[in-house]
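# Residue-level structural notes
Residue-level listing of the chains:
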Amino acid sequence: ETVFEQTARGQGTVSGQGSCNRYTAVYQQSGSELNIGSTSIGDKVCAAKVGAQEQALLDALQATTSFRRGSGQLVLRNSQGQVVLNLAAIRVTAP
C-alpha cells in the first residue's frame, strides 16, 4: 500500500505500509519531475528477507526523480529513466 496525497500545489506526502512497518515522506512535484524526501519509518524488527524487501521499497522511493500516470498505473523512474516502481491504483470502499 502506497498513498500519494497532495497537500499544496506541487507538494504532498507519500505514506504506506512496507513489509512490516508504516512509512511516510514528503514529496515535491513539478510537471513529471518527482522528488521524494527522506522517509520516516516505524521501528518494528523484520525477518531478514522481509526487511530487505521493505528496504528495497524505500530505496526505490528515494531514487525516484520522475513519474508517469495512466491506465490505473503510477510508474516511478530514477534519473537514468529506469522504472523503480510500478504501482497499480486500487479502489477502496468505506466499511
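Residues numbered from 1 in each chain as written. Predicted model: local features only at pLDDT ≥ 70, side-chain atom pairs only at ≥ 80, totals over all residues. Heavy atoms only, no water.

### Topic: the nonpolar core
Selection criterion: In this text, buried Ala, Val, Leu, Ile, Met, Phe, Trp, Tyr and Cys residues form a nonpolar core when linked through side-chain atoms within 4.5 Å. Burial classification: accessible surface area is computed with a 1.4 Å probe over protein chains only, and a residue below 20% of its type maximum counts as buried, one above 50% as exposed, and the rest as partly exposed. Counting from the N terminus, the helices are DSSP H or I runs at least four residues long and the strands are E runs at least two residues long. The contact rule is simple, with two residues in contact once any of their heavy atoms fall within 4.5 Å.
If you look at the biggest cluster of nonpolar residues, it comprises 15 residues, and the most contacted ones within it are Leu34, Ile36, Leu61, Leu76 and Leu85. Elements represented by at least two residues in this core include exactly β3 (22-30), β4 (33-36), α1 (48-63), β7 (73-77) and β8 (83-88). Broken down by element, this core gets its largest block of residues, four residues, from α1. If we skip the residues at most four places from it in the chain, Ile36 touches Phe4, Val14, Ala25, Val26, Tyr27, Leu61, Gln62 and Thr64.

### Focus on the state of the cysteines
Convention followed: Two cysteine sulfur atoms form a disulfide, by the criterion used here, when they sit within 2.5 Å.
For the structure on display, the rule yields one disulfide. Disulfide pairing places Cys20 opposite Cys46 at an S-S distance of 1.6 Å. In this pair, Cys20 is assigned in the loop between β2 (11-17) and β3 and Cys46 in the loop between β5 (40-41) and α1, connecting sequence segments 26 residues apart. Classification of Cys20 by relative accessible area gives buried; the value is 16%. Among the residues examined, Cys46 registers a relative accessible area of 22% and is labelled partly exposed.

Without other data, these values stay purely geometric and don't point to any function.
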